[in-house]
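Structural features, examined
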Amino acid sequence: MVRSDDTGKLVLRVSLGILILLHGVAKLGKGVDGIAGMLASNGLPGAMAYLVYVGEIVAPLLLIVGLFTRPAAWVVAINMVFAIWLAHSKDLFALSNTGGWKLELQGMFLFAAAAVGFLGAGRFSLGGSSGRYN
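Residues numbered from 1 in each chain as written. Predicted model: local features only at pLDDT ≥ 70, side-chain atom pairs only at ≥ 80, totals over all residues. Heavy atoms only, no water.

Thoughts on the overall build of the protein chain
Regarding its fold elements, the protein chain presents 5 helices and 0 strands. Put simply, the protein chain runs from its N terminus to its C terminus through helices and strands in the order α-α-α-α-α. The C-alpha atoms of the protein chain give a radius of gyration of 16 Å, which matches the 14 Å a tight globule of 134 residues would have. If you line up the protein chain on its principal axes, its C-alpha atoms span 45 × 35 × 25 Å. Looking at the protein chain as a whole, 38% of its 134 residues qualify as buried. Within the protein chain, residue pairs in contact and separated by at least 24 positions form 65% of the contacts whose partners lie at least 6 positions apart. For the protein chain, the exposed surface amounts to about 7,600 Å²; the carbon and sulfur share of it is 70%. Charge centroids of the protein chain, computed over 10 positive and 6 negative side chains, lie 7 Å from each other. (Helix = DSSP H or I, 4+ residues; strand = E, 2+ residues; numbered from the N terminus. Rg over C-alpha atoms; globule rule 2.2 N^0.38 Å. Buried < 20%, exposed > 50% of the residue type's maximum accessible area, 1.4 Å probe, protein only. Contact = heavy atoms within 4.5 Å. Areas by Shrake-Rupley, 256 points an atom, 1.4 Å probe, with all protein chains shown as cover. Lys, Arg positive; Asp, Glu negative; His and termini not counted. Charge placed at Lys NZ, Arg CZ, Asp CG, Glu CD.)

What to know about the packing of aromatic side chains
In total, this model carries 3 aromatic pairs according to the counting rule given. With a centroid separation of 6.2 Å and an interplanar angle of 45 degrees, the aromatic rings of Tyr-50 and Tyr-53 are classed as tilted. For Tyr-50, a relative accessible area of 52% puts it in the exposed group. Ring plane angle 70 degrees and centroid distance 5.7 Å describe the contact between Phe-82 and Trp-85, whose orientation is recorded as edge-to-face. Of this pair, Phe-82 and Trp-85 both sit in helix H4 (residues 69-87), 3 residues apart, which is roughly one turn of the helix. (Phe/Tyr/Trp six-rings, centres within 6.5 Å; stacked < 30°, edge-to-face > 60°.)

Thoughts on the packing of helix H3 (residues 51-65) against H4
Interaxial distance between H3 and H4 falls to 9 Å at its minimum, and their mutual angle equals 145 degrees. Judged by the sense of rotation from one axis to the other, the crossing of H3 with H4 is left-handed. Listed contacts from H4 to Val-52, Val-54, Gly-55, Glu-56, Ala-59, Pro-60, Leu-62 and Leu-63 of H3 are Thr-69, Ala-72, Ala-73, Val-75, Val-76 and Asn-79. A per-class count over the contact of H3 with H4 returns 10 nonpolar, 3 polar and 1 charged. (Axes fitted to C-alpha atoms, helices over the stretch in contact; angles between N-to-C directions. Left-handed = near helix turned anticlockwise from the far one by under 90°. Nonpolar A, V, L, I, M, F, W, Y, C, P; charged D, E, K, R; others polar.)

Below is the structure:
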């Protein structure tokens, strides 16, 4: 049974890490000016926009390899809370044309990150079964 649990943790954290990392890589090319503007318009320092690279590049890489997994997952979750607040709050209670929540993707990222934050990395990670760093 433990092997199944660890395999599930592996699938969850690696898929979350890869999918979030793709968003971060896209931002490397575009920059964070738009995010800085959203932060500034909400009374926050625009320089905080560079933290998106922590939440969408560094933390996902840690998730993928299974090192510092719980903290990395919570960084992704916090990143998603900010993304929902800054860019998607108007759709928080909206449904799409097909009946799904308009924020399905953001919600899935947020709740998957929370799940990894609670579960940890599992045995199939650099942190291994010792529990250290995961």
